[in-house]
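So the chains spell out like this:
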Amino acid sequence: YQYDCVVVDLTLPDGNGLDLVRTLKADASAAGVLIISARGALDDRLTGLELGADDYLVKPFHLSELNARLKSIIRRRQFQGQQQLVFRDLVAWPDDSRVFVHGEPITLTKKEYDLLLYLLANAKRVLTKEAIAEHLCGDAVDSADSFDFIYTHLKNLRKKLQEKGADNYIRTMYGVGYKLSRE
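As the structure is a computational prediction, the values presented were derived from the model and not from experiment. Residue indices follow the written sequence of each chain, beginning from 1 at its first position. Only residues with pLDDT of at least 70 get local features here, since the model is predicted, and only at 80 or more are side-chain atom pairs given and counted; chain-wide, interface and lining totals rely on the full set of residues. Water and hydrogen atoms play no part in the side-chain values, which are based on all heavy atoms of the structure.

> Just checking my understanding: could you explain the overall build of the chain for this structure?
For the purposes of this entry, the term helix denotes a DSSP run of H or I that reaches at least four residues, the term strand denotes a run of E that reaches at least two, and both are numbered from the N terminus. If you tally the helices and strands in the chain, you get six helices and eleven strands. Dimensions of the chain, computed from the C-alpha atoms along their principal axes, are close to 55 × 35 × 25 Å. Burial classification: accessible surface area is computed with a 1.4 Å probe over protein chains only, and a residue below 20% of its type maximum counts as buried, one above 50% as exposed, and the rest as partly exposed. Taken across its 183 residues, the chain has 34% of its residues classed as buried. Intrachain contacts of the chain at a sequence separation of at least 6 include 48% that bridge at least 24 residues. Only heavy atoms matter for contacts: two residues are in contact if any of them lie within 4.5 Å across the pair.

> What is the right way to look at the nonpolar core in this model?
A general feature of soluble globular proteins is that nonpolar side chains tend to end up buried together. Membership of the largest hydrophobic core comes to 30 residues, with the highest contact counts inside it found for L90, V99, L120, I132, L157 and L161. For this core, the secondary structure elements donating two or more residues are strand 6 (85-87), strand 7 (90-93), strand 8 (98-101), helix 4 (110-121), helix 5 (129-137), helix 6 (148-163) and strand 11 (177-180). In terms of residues, this core owes the most to one element, helix 4, which gives seven residues. Those residues in contact with L120, other than ones at most four positions away along the chain, are L85, F87, L90, A92 and L180. In terms of nonpolar packing, the next biggest core, distinct from the first, is built from eleven residues, L10, L18, L24 and I35 among them. Definition of nonpolar core: a set of buried residues of the types Ala, Val, Leu, Ile, Met, Phe, Trp, Tyr and Cys, connected through side-chain atoms within 4.5 Å.

> Just checking my understanding: could you explain the pattern of salt bridges for this structure?
One side chain can pair with another of opposite charge once the charged atoms of both are near each other. Salt bridge criterion: a side-chain nitrogen from Lys or Arg within 4 Å of a carboxyl oxygen from Asp or Glu. In total, this model carries seven salt bridges according to the counting rule given. Note that R98 and D96 form a salt bridge whose closest N and O atoms lie 2.9 Å from each other.

> When you look at the layout of surface pockets in this model, what are you seeing that I'm missing?
The rolling of a water-molecule-sized probe over the atoms marks out the regions of remaining empty space. The distinction between a cavity and a pocket rests on a 1 Å grid over the protein atoms alone: a 1.4 Å probe fits inside a cavity but cannot get out, while a pocket stays open yet meets protein on both sides within 12 Å along at least five of seven lines, and a residue with an atom within 4 Å of a point counts as lining. Grid points are joined across faces, edges and corners, and a volume is the space filled by probe spheres set on the points. In this structure, the largest pocket spans a volume of roughly 1100 Å³. Taken together, 33 residues form the lining of the largest pocket, with Y3, D4, Q78, Y118 and H135 sitting closest to its centre. Every element with two or more residues in the lining of the largest pocket is listed here: strand 1 (5-9), helix 3 (63-79), helix 4 and helix 5. A breakdown of the residues in the lining of the largest pocket according to their chemical character gives 15 nonpolar, eight polar and ten charged. Residues are grouped as follows: Ala, Val, Leu, Ile, Met, Phe, Trp, Tyr, Cys and Pro are nonpolar; Asp, Glu, Lys and Arg are charged; all remaining types, including Gly, are polar.

> I would appreciate a short explanation of the packing of aromatic side chains in the present structure.
Describing an aromatic ring pair means giving the distance of the ring centres and the angle of the ring planes. By convention, a stacked pair of Phe, Tyr or Trp rings (six-membered ring in the case of Trp) has centres within 6.5 Å and planes under 30 degrees apart, an edge-to-face pair has planes over 60 apart, and any other such pair is tilted. Within this structure, the stated rule accounts for one aromatic pair. An angle of 70 degrees between the planes, with centres 6.0 Å apart, marks the rings of F87 and Y169 as edge-to-face. With F87 in strand 6 and Y169 in the loop between helix 6 and strand 10 (170-173), this pair connects stretches of sequence that are 82 residues apart.

> What am I meant to see in helix 1 (residues 17-26) here?
Because each turn of an α-helix spans 3.6 residues, side chains separated by three or four positions in sequence point in the same direction. Those residues of helix 1 that sit buried are G17, L18, V21 and L24. Take helix 1 and look down its axis: the buried residues cluster within an arc of 115 degrees, on one side only. As for helix 1, its buried residues are in contact with strand 1, strand 2 (11-12), strand 3 (15-16), strand 4 (32-37) and helix 2 (42-50). Throughout this description, a polar contact denotes any pair of N or O atoms lying within 3.5 Å of each other; where both atoms belong to protein, one of them has to be capable of donating a hydrogen while the other can accept it, and for residues adjacent in sequence the pair is counted only when both atoms sit in side chains. Two or three places before L18, at the opening of helix 1, N16 has a side-chain oxygen 2.8 Å from that residue's backbone nitrogen. The first or second residue beyond helix 1 is A28, which carries a positive phi of 55 degrees. An arc is given here, and it is the one of the directions from the helix axis to the C-beta atoms.

Set out below in C-alpha cells:
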C-alpha cells in the first residue's frame, strides 16, 4: 500500500522505530514520516531527522499539534506546501475542505471531495481505477468485487462541477484511467 504519512514511535515493543524509518527510506517510500517519542534529547531528534523523517514530536503533546503537523507534512508532500489548489476555474482549500468553481462554493460528499483532491494532487498523471479505489477505500478495497462504485463517484463529481460551469474537467482515458483535463 501507499501511505500519505507514517507516524512512528521510537520505542516499539518489537524493535526500534528508527529501524522502521531506515526501512521506509531504503524502500524509497514517498510517505511522509513523523516521529513521536518521549526521547527529547537533541541527539535523538537530529538522528531521526537525518534519517529522513519530516518532523519529530516529543511526548507529551496536544492532539491538535499532532493533527497540525500531520496536515503540514501531507500538504508539503501532496500539494507542494500550497494552502490552496488551483486548477483552471476550480480552487480547493484542503485544510478546511472547501471547493469553489468560478468563485461559487460547491457542496461535495466526502468521497467526491477525496476523489477531487486526489485528482488535483496528481493533476499531471493518469490515475487507474485501482489507484482511485485504493485511495478512496484504503485497505478495504481488497474485499471489493468490482470498482463500479468509482464510476458513480466520478459521474456525481462531474455533474456537480458541470452545474457550476466547470465542464470537461475530468477526462476518461479509455482502458487506462482518469486525469484532469487542462483544455
